[in-house]
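# Geometric and topological summary
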Amino acid sequence: MQILSSALILVACFLNHVLGGAIPQHARRQPALPTPQLITLPLKRFQTMPKDIHPQMLMQQYINRASKRLARMTGREGPSEHQLRSEIHKRLYLLDGGSAPSLSSSGSSFQDANTRLGLAVAHGHGKQSSEGMVNNGTAISSNTTMPGNATSSGGAGASGNGTGVSPLDIQAANNGGLTPANPPTANNSLGLAIEADDVAYIATIQIGTPAQDFRILMDSGSADFWVGSENCQSSAGGGCGNHTFLGPQSSSSFVSSNTQFQVTYGSGAVAGTLCQDQVGIAGLTLNNHTFGVATAESPQFASSSVPFDGLMGVAQSSLSQQNVSTPVESLASNGLIPAAIISFKISRLSNQLNDGEVTFGGLDSSKFIADTLITIPNVNQQGFWEGSIDAVSINGADSGLTGRTAILDTGTTTMVIPPADAQQLIQGLGGTCDTQQCTLPCTTNSSLALSFGGSSFSIDPSDLLILPVQPNDPTGDCVAGIQPQQIGSPTQWLVGDVFLKNAYFSTDVGNNSISLAQLSAP
């Protein structure tokens, strides 16, 4: 028995030596894996509330961190610092002032949509400097000017009177919603309703069979057209609010596809699939037009407090994330309008004129002074509408800022410019500016003017103000309509409705040009 045991031990040693030599050294040294077992560990909630941070601000910090984490997890480009800071800025408008008031504090509570940043991220690469001027811009010919009322002489717009922010603006900021536009006076035109206190501008179009009305934000800073899908979900959970939706249940002419799209804006994001359906714009019908239906929307679009159902980007289609023609380009290619031109008259709530209008295919001659019309080349290579600024003046004096360009964006409420430039302008206007936010006295009468194509366009003092820092003090300090962020190169400005309310604005895809004119008197 002992002999047998010894023999077995010798055989085992021999096999271990022979087989062990055939196994790589690193493999032989690996320990055997344990048998899989279920392990449970307790997770304890750890909650602290910093006393020096308002809960709304803290919530936005959490949202920003989650956005960056989601981008890393899904392999997408994360939000830029500019986008993250923009969201923090919007939260600032919710606060009544003071240090860390509770959520149940009394006083006014401004909505989260007191500004919008409509600029789309260009194919995931962010904003790049525009190098090299495109020199094929020509003056828009008279045969593309839409008939309207006779042109009036003189300028138009509000006049800063030093009395503080208009009570109408403060009330609208509190209540939100839309102020309807008057019926347009020109052919191929739609009225532009005003969102809240001049936050954005909304047109009503028709989609589907039978045709449904959709309220659409008009955005010259992006190039994608979308509305909410019938199965739309908010990224915050639940559905996409009290909006009009599109899909096979509501439209017999709706044709879906499997082609996906995603668009990230300065404020919010959407994702979904492309579709085809009938689209009616100012009495013009695009048959089987290709655009997007959003199956997922961020709260900036999905909330029931948002007064529009979708967005129409009218930059050049080279900027499109959907890789399709914009509605303006499609109208022109189908012979429904003479050229791929779109023109804007942006109105001001405090005027109570409600004369905002968007015109497809030309210009409404009743909205501007004809001999002030200038046309400049678009200097942007990505598809934005960007013009060279000749000069910037403060209270009639040259600021010395040169070599700047402006992306003209109807979907952005404010002007967003590099911090050094913002500091210089705001100080010249009598305000203060740090790295995060600029303020001006609510009673300011200071003026700012931008020159394009040899013509100067003044910004009314009232447009340089967004809302009072202290909502109950409309004659104190106001959040300025100029905010310090670098969106591209150090010389690139994002110029939104703060400026565009003071000029007639038109773009021409065929000539790759931008036109501006002084507004006619109402």
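In short, a report on the structure. (Residues numbered from 1 in each chain as written. Predicted model: local features only at pLDDT ≥ 70, side-chain atom pairs only at ≥ 80, totals over all residues. Heavy atoms only, no water.)

### Quick look at the overall build of the protein chain
Per the secondary structure count, the protein chain includes 9 helices and 30 strands. Relative to its 522 residues, the protein chain shows a buried fraction of 52%. Considering only residue pairs separated by 6 or more positions, the protein chain has 72% of its internal contacts joining residues 24 or more positions apart. As presented, the protein chain carries roughly 23,200 Å² of accessible surface, and 52% of it is formed by carbon and sulfur atoms. (Helix = DSSP H or I, 4+ residues; strand = E, 2+ residues; numbered from the N terminus. Buried < 20%, exposed > 50% of the residue type's maximum accessible area, 1.4 Å probe, protein only. Contact = heavy atoms within 4.5 Å. Areas by Shrake-Rupley, 256 points an atom, 1.4 Å probe, with all protein chains shown as cover.)

### Some words on helix α8 (residues 419-428)
Buried residues of α8: Asp421, Ala422, Leu425 and Ile426, and no others. All buried residues of α8 project into a common sector of 120 degrees when viewed along the axis, lining one side. Downstream of α8 by one or two residues, Gly430 has phi in the positive range, about 95 degrees. (Arc of directions from axis to C-beta.)

### Things to note about the pattern of salt bridges
Applying the stated criterion to the full structure yields 5 salt bridges. The salt bridge partner of Asp198 is Lys501, with a shortest N-O separation of 2.9 Å. Residue Asp198 is found in the loop between β4 (193-195) and β5 (200-207), and its partner Lys501 is found in the loop between α9 (497-500) and β29 (504-508); the two are separated by 303 residues along the sequence. Pair check on accessibility: Asp198 and Lys501 agree, each one buried. A salt bridge links Asp463 to Arg348; the nearest nitrogen and oxygen atoms lie 2.6 Å apart. Highlighted residues: Asp463 in the loop between β24 (455-459) and β25 (465-468) and Arg348 in the loop between β12 (341-345) and β13 (357-360), separated in sequence by 115 residues. (Salt bridge = Lys/Arg side-chain N within 4 Å of Asp/Glu carboxyl O.)

### Looking at the pairing of β13
Here β13 shows two buried faces, one formed by Glu357 and Thr359 and the other by Val358 and Phe360. Strand direction decides the pairing type here: strand β3 (residues 189-191) and β13, joined by 3 bridges, are antiparallel. Its bridge partner lying in β13, Leu190 is registered against Val358. Here β12 runs beside β13; their pairing, made up of 4 bridges, is antiparallel. The partner of Ser343 across the bridge, within β13, is Thr359. (Pairing = 2+ DSSP bridges.)

### Notes on helix α5 (residues 167-175)
Within the sequence span of α5, burial applies to Asp169, Ile170, Ala172 and Ala173. Seen end-on, α5 carries its buried residues on one side only, within an arc spanning 165 degrees. Those residues of α5 that are exposed and angled more than 90 degrees off the buried face are Pro167 and Asn175. Contact partners of the buried residues in α5: β25. With its phi angle positive at about 70 degrees, Gly176 sits one or two positions after the end of α5.

### Re the state of the cysteines
Here the structure, examined in full by the defined rule, presents 3 disulfides. Residue pairing for Cys232: its cysteine sulfur links by disulfide to Cys240, the two sulfurs lying 2.0 Å apart. Judged by the torsion about the S-S bond (-70 degrees), the Cys232/Cys240 disulfide is left-handed. Owing to a relative accessible area of 5%, Cys232 belongs among the buried residues under this scheme. Across the disulfide from Cys433 sits Cys438; the S-S distance is 1.8 Å. Grouping residues by exposure puts Cys433 and Cys438 together as buried. If one numbers only the bonded cysteines of the protein chain, in the order they occur, the disulfide pattern is 1-2, 3-4, 5-6. (Disulfide = S-S within 2.5 Å.)

### Side note on the sheet that holds strand β30 (residues 513-517)
Taken in spatial order, the 6 strands make up an open sheet running β3-β13-β12-β29-β30-β15, and their pairing is antiparallel. The open sheet is flanked by β3 and β15 (374-377), the only strands paired with a single partner. Across this sheet, the average inter-strand angle for adjacent strands is 15 degrees, counted without regard to direction. (Axes fitted to C-alpha atoms, helices over the stretch in contact; angles between N-to-C directions.)

### Regarding the nonpolar core
Counting 85 residues, the largest nonpolar core has Met218 and Phe360 as the members making the most contacts within it. Those residues within four positions of Met218 in sequence are excluded, and the remaining contacts are Leu192, Tyr201, Ala203, Met312, Val314, Ile342, Phe344, Val358, Phe360, Thr410 and Gly411. Formed by 19 residues, the second largest nonpolar core is a distinct cluster that contains Ile202, Leu217, Val270 and Phe301. (Core = buried A, V, L, I, M, F, W, Y, C linked by side-chain atoms within 4.5 Å.)

### Some words on the packing of aromatic side chains
Overall, the coordinates contain 8 aromatic pairs when judged by the stated rule. Ring geometry for Phe301 and Phe308: centres 6.2 Å apart, planes at 70 degrees, overall edge-to-face. Summarising the burial analysis for this pair, Phe301 and Phe308 share the class buried. Geometrically, the ring pair formed by Phe344 and Phe505 is stacked, given 6.0 Å between the ring centres and 20 degrees between the ring planes. One end of the pair, Phe344, is in strand β12; the other, Phe505, is in strand β29, and 161 residues separate them in sequence. Phe344 gets classed as buried once you look at its relative accessible area, which sits at 1%. By the ring-pair criterion, three or more aromatic residues cluster together here, those being Trp226, Tyr265, Phe301 and Phe308. (Phe/Tyr/Trp six-rings, centres within 6.5 Å; stacked < 30°, edge-to-face > 60°.)

### Points about the side chain of Ser253
Here Ser253 lies in the loop between β7 (225-234) and β8 (255-264). Under the relative-accessibility criterion, Ser253 is labelled buried at 18%. A distance of 2.7 Å separates polar atoms of two side chains, one belonging to Ser253 and the other to Thr209. Leave out the neighbours within four places in its chain, and Ser253 touches Gly208, Thr209, Gln276, Asp277 and Gln278. (Polar contact = N/O pair within 3.5 Å; in protein donor to acceptor, adjacent residues only side chain to side chain.)

### Some words on unusual backbone geometry
In this structure, the amide linkage connecting Thr209 to the following residue, Pro210, adopts the cis form with an omega of -5 degrees. The topology assignment puts Pro210 in the loop between β5 and β6 (212-219). Positive phi, close to 60 degrees, is recorded for Gln352, a residue that is not glycine. Of note, Gln352 is situated in the loop between β12 and β13.

That is the geometry; function is a separate question.
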